Amino acid sequence: MKLVVAIIKPFKLDEVREAVSILGVTGMTVTEVKGFGRQKGQTEIYRGAEYTTNMVPKLKVEVACAADLSARVVEAIQAAAHTGSIGDGKIFVLELGQAVRIRTGEIDGQAL
């Protein structure tokens, strides 16, 4: 099993969700996060005053999937989240040691 973690632009969430759903992914976790990379922050206007923040709002999308499906999940997320501009995000793939469905006690592949 693999855990695919993607940091994406917030407005790309619906496209990413649809892209992984087509592959048969039945769930994902989405968290609002802030961070910076090459963008080095952004300028915003609040109550008429312009200010610069060094943290850019993003979404962290986590998808647990079978190891043989992970490459296709990565490709789908990359295609759906791509805008071609700086700050599109990153995708990380991690080994997932164990998964347990709390309600039924199912483990690993059955729990996904």
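Since the structure is predicted, the reported quantities are computational estimates derived from the model, not experimental observations. (Residues numbered from 1 in each chain as written. Predicted model: local features only at pLDDT ≥ 70, side-chain atom pairs only at ≥ 80, totals over all residues. Heavy atoms only, no water.)

Structural notes on the packing of helix α1 (residues 13-22) against helix α2 (residues 70-81)
Pairs of packed helices are described in terms of their axes, by the angle between the two and the distance that separates them. Cut-off, in case you're wondering: Inter-axis angles, ranging from 0 to 180 degrees, are taken between N-to-C directions of lines fitted to C-alpha atoms, where helices are fitted over the stretch in contact. Per the convention used, a helix needs a DSSP run of H or I reaching at least four residues, while a strand needs a run of E reaching at least two, with both numbered from the N terminus. The scheme is simple: roughly parallel for angles under 35 degrees, roughly antiparallel for over 145, roughly perpendicular for 65 to 115, oblique for anything else. Crossing handedness: left-handed means the near helix sits turned counterclockwise from the far one by under a right angle, and right-handed means the same turn made clockwise. Should any heavy atoms of two residues lie within 4.5 Å, those residues are considered in contact. Amino acid classes used here: Ala, Val, Leu, Ile, Met, Phe, Trp, Tyr, Cys and Pro are nonpolar; Asp, Glu, Lys and Arg are charged; the rest, including Gly, are polar.
Where α1 meets α2, the axes come as close as 8 Å, and the angle between the chain directions of the two elements is 150°. Between α1 and α2, the angle is such that the two are roughly antiparallel. Considering only the axes of α1 and α2, their crossing is right-handed. Contacts between α1 and α2 involve Glu-15, Val-16, Ala-19 and Val-20 from the former and Val-73, Ala-76, Ile-77, Ala-80 and Ala-81 from the latter. Residue composition of the contact of α1 with α2, by class: eight nonpolar, no polar and one charged.

Considerations on α1
What counts, and what does not: Partly exposed describes any residue whose relative accessible area lies between the buried limit of under 20% and the exposed limit of over 50%, with all areas from a 1.4 Å probe on protein chains only and scaled to the type maximum. It is the directions from the helix axis to the C-beta atoms that the arc portrays.
Buried residues of α1: Val-16, Ala-19 and Val-20, and no others. Buried residues of α1, viewed axially, fall in a sector of 90°; they line one side. Its buried side turned inward, α1 meets β1 (2-8) and α2. Note on α1: the residue one or two positions beyond its end, Gly-24, has a positive phi of about 100°.

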